[in-house]
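Structure assessment
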Amino acid sequence: MRSHLLNGLTAEHYRRSVTEGVERVAAKLATTDRPFTGILVDALAPDIDAIDLDRPLGDTTAVLDELENVYLRDAVWFHHPRYLAHLNCPVVIPAVLGEAVLSAVNSSLDTWDQSAGGTLIERRLVDWTATRIGLGPAADGVFTSGGTQSNLQALLLAREEAKSQDLGRLRVFASEVSHFSVKKSAKLLGLGPDAVVVVPVDHDKRMQTVALARELERCAADGLVPMAVVATAGTTDFGSIDPLPEIAELCAQYGVWMHVDAAYGCGLLASLKYRDRIDGIERADSVTVDYHKSFFQPVSSSAVLVRDAATLRHATYHAEYLNPRRMVQERIPNQVDKSLQTTRRFDALKLWLTLRTMGADGIGQLFDEVCDLAREGWTLLAGDPRYDVVVEPSLSTLVFRYVPAAVTDPAEIDRANLYARKALFASGDAVVAGTKVGGHHYLKFTLLNPETTTADIAAVLDLIAGHAEQYLGESLDRAS
């Protein structure tokens, strides 16, 4: 069994095994003609359940053959131009190279004596991102597992900075279309059930600052403590960007921690054309960024940034076996001192190799392309009488639904859209997402692939309409 341990004696075995795996994936990438096979869970689950994990195959080729049948054959391929569903981006090759390197070396980024150069690379990327945001010379941060963890840590820091002994009095303000992790974080942080104050949005799905000001004033009048305002730079459903400068002014006026959830919109930090859409982000106290959404990085690659490095002390704990206090005086950099995690992957390497190969402008150009594509898609939808589109895109998301001319029952239209999405997924021809707007079912394109074209969008719209019309026709037949 030692022959499977990665070390100097097995380097050639490692090379052959990884090469064979890469060749399998490369072959799938070259030949995949649709984003999904349409397989149902009841068809795939028995194949996986039948595998006896206590009886290994022992041979890499046999294992990869099996993997073809239980995973690769039916994977959902984000690189395909007609995958238009969630915030899953195709990935760039330098980042995939980084994934291979970091997995093999297996550095853990909690302490210097486990990572050395990895620690310094992550710190350099944190500084680079903070500079792009404009947080100032005292800024700092740390890589995280994703936007949910970043938001949790930011709100933890805000809770501690609020300096209230009564957690039930703390209030967090977020728009009605903010990420669900805001409410989840409030619960995890021990805040009261009414802690998150939902602020209404305008027609463009942006937080109404007049309403925010009213809620902040009410909070003060009721003797409550405004803990944080969470502004979103790229909502999950709509890609909408809250009015950051106005929110920053209100936060300054009321002395409230300003957190910007830019998990999606962080791609604008590298944009060559649209950077001004997140003006005001530099005034935040903390910022969430997900490089694995709009920097074309593999999952996971995320970070939380703060204006004042000293606030990260609220996440600091010392253990004698790991990061004793004396290391601070000895100026030994341990990233665990500012992280909610202990053992942590060297995910920063992927972004490092991407920047060193493509440069920030290369990333920004790709993100600008999908933003441009969304604008073209919106034009298609706005001019298509079959569809109702909700808002003009600020980033690369389109929310819409099929509206048949001959049907006026809202419930029936809802069912037609639900059926169309399900039927499209089952066909494997394309993958789209869904959401609710005003209590009704809508469909969603999240455009993160520069290889997607307006012809792809038009073709998928025709497919959706075809499935919806089929449902409505069958519905009429059943009714008669």
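Presented here is an overview of the structure given in this document.

What counts as what
- Residues numbered from 1 in each chain as written.
- Predicted model: local features only at pLDDT ≥ 70, side-chain atom pairs only at ≥ 80, totals over all residues.
- Heavy atoms only, no water.
- Pairing = 2+ DSSP bridges.
- Helix = DSSP H or I, 4+ residues; strand = E, 2+ residues; numbered from the N terminus.
- Contact = heavy atoms within 4.5 Å.
- Axes fitted to C-alpha atoms, helices over the stretch in contact; angles between N-to-C directions.
- 1 Å grid on protein atoms, 1.4 Å probe; cavity = no way out; pocket = protein on both sides within 12 Å on 5 of 7 lines; lining within 4 Å.
- Points joined across faces, edges and corners; volume = space filled by probe spheres on them.
- Salt bridge = Lys/Arg side-chain N within 4 Å of Asp/Glu carboxyl O.
- Buried < 20%, exposed > 50% of the residue type's maximum accessible area, 1.4 Å probe, protein only.
- Parallel < 35°, antiparallel > 145°, perpendicular 65-115°, else oblique.
- Left-handed = near helix turned anticlockwise from the far one by under 90°.
- Nonpolar A, V, L, I, M, F, W, Y, C, P; charged D, E, K, R; others polar.
- Core = buried A, V, L, I, M, F, W, Y, C linked by side-chain atoms within 4.5 Å.
- Polar contact = N/O pair within 3.5 Å; in protein donor to acceptor, adjacent residues only side chain to side chain.

So, about the sheet that holds strand 12 (residues 440-446). With respect to topology, five strands assemble into an open sheet ordered 1-11-12-10-9, the strand pairing being mixed. Each of the sheet's edge strands pairs with one partner strand only, and the pair in question is strand 1 (83-84) and strand 9 (387-389). Two strands pair when backbone bridges link them, and strand 1 and strand 11 (residues 431-437) are joined in this way by two bridges, in the parallel orientation. Residue pairing in the sheet places Leu84 in a bridge with Val432 of strand 11. Here helix 14 (residues 359-382) sits on the sheet and contacts strand 9 and strand 10 (397-402); the angle it forms with strand 10, its principal contact strand, is near 20°.

This brings us to the layout of surface pockets. If you add up the space inside the largest pocket, you get close to 1300 Å³. Here the lining of the largest pocket takes eight residues from helix 1 (residues 11-31), the largest share from any one element. In this structure, the second largest pocket encloses a volume near 490 Å³. In terms of lining, the second largest pocket is formed by 29 residues, of which the most central are Ser178, His179, Phe180, Thr236 and Asp237.

Under the defined criterion, the tally for this structure stands at 27 salt bridges. For Arg345, the salt bridge is made with Glu99, and the minimal N-O distance between the two is 2.2 Å. On the criterion of sequence distance, the pair formed by Arg345 in the loop between helix 12 (326-329) and helix 13 (348-357) and Glu99 in helix 4 (residues 93-105) is long-range, its members being 246 residues apart. The class for Glu99 is buried, based on a relative accessible area of 18%.

Let us now look at the packing of helix 6 (residues 117-133) against helix 13. As a packed pair, helix 6 and helix 13 sit with axes 9 Å apart at the nearest point and diverge in direction by 65°. In this view, helix 6 runs roughly perpendicular relative to helix 13, as classed from their interaxial angle. As helix 6 runs across helix 13, the sense of the crossing is left-handed. Note on element contacts: helix 13 touches helix 6 through Ala348, Leu351, Trp352 and Leu355, opposite Ile121, Glu122, Arg124, Leu125 and Trp128. In terms of residue class, the contact of helix 6 with helix 13 is made up of seven nonpolar, no polar and two charged.

Now for the nonpolar core. If you look at the biggest cluster of nonpolar residues, it comprises 64 residues, and the most contacted ones within it are Leu212, Val260, Val287 and Phe367. Sorting elements by how many residues they give to this core places helix 6 first, with six residues. If we skip the residues at most four places from it in the chain, Val287 touches Ile133, Leu135, His259, Val260, Ala262, Ile281, Ala303, Val304 and Leu305. With 27 residues, the next largest nonpolar core counts Leu84, Tyr402, Ala416 and Leu461 among its residues.

The next subject is unusual backbone geometry. Residue Ser300 is bonded to the preceding Val299 through a cis peptide linkage, with omega at -5°. Tracing the chain through its elements places Ser300 in the loop between helix 11 (291-294) and strand 8 (302-306). At Asn106, a position not held by glycine, the phi torsion is positive, near 65°. Counting through the fold element by element, Asn106 comes out in the loop between helix 4 and helix 5 (112-115). A positive phi angle, near 65°, is found at Lys205, a position not held by glycine. Position of Lys205 among the secondary structure elements: in the loop between strand 4 (196-199) and helix 9 (209-221). Note on Lys205: relative accessible area 17%, which makes it buried.

All right, on to the side chain of Ser302 then. Position of Ser302 among the secondary structure elements: in strand 8. Side chain to side chain, Ser302 and Asp290 meet in a polar contact 2.5 Å long. Beyond its immediate sequence surroundings of up to four residues, Ser302 is in contact with Val142, Phe143, Thr144, Ser145, Gly146, Gly147, Ser150, Val289, Asp290, Tyr291 and His292.

On to the environment of Tyr442. With respect to the element layout, Tyr442 can be found in strand 12. When the C-alpha positions of Tyr442 and Val390 are compared, they lie 9.1 Å apart, and in sequence the two are 52 residues distant. Ignoring any residue separated from it by four or fewer positions in sequence, one finds Tyr442 in contact with Asp388, Val390, Val399, Phe400, Arg401, Ala433, Gly434, Thr435 and Val437. Here Asp388 takes part through its side chain, which lies 3.0 Å from a polar atom of the side chain of Tyr442.

We now examine the sheet that holds strand 5 (residues 225-232). Taken in spatial order, the seven strands line up as 2-8-7-6-5-3-4 in an open sheet, and their pairing is mixed. Because the sheet does not close on itself, it has two edges, and the strands there are strand 2 (140-144) and strand 4. Averaged over all adjacent pairs, the angle separating strand axes in this sheet is 20°, with direction ignored. Sheet topology places strand 3 (residues 170-175) next to strand 4; four bridges connect them, and they run parallel. Following the sheet pairing, Ala174 is matched in strand 4 by Val198. In this fold helix 10 (residues 244-254) packs onto strand 5 and strand 6 (257-262), with an angle of close to 155° to the strand it touches most, strand 6.

With that out of the way, let us pick up the pairing of strand 12. Most of strand 12 sits out of view: five of its seven residues are buried. Of the strand pairs in this sheet, strand 11 and strand 12 are connected by five bridges, and their pairing is antiparallel. Within strand 12, the residue paired with Gly434 across the bridge is Leu443. Two successive antiparallel strands, strand 11 and strand 12, enclose a turn made up of two residues, where Gly438 displays a positive phi of approximately 60°.

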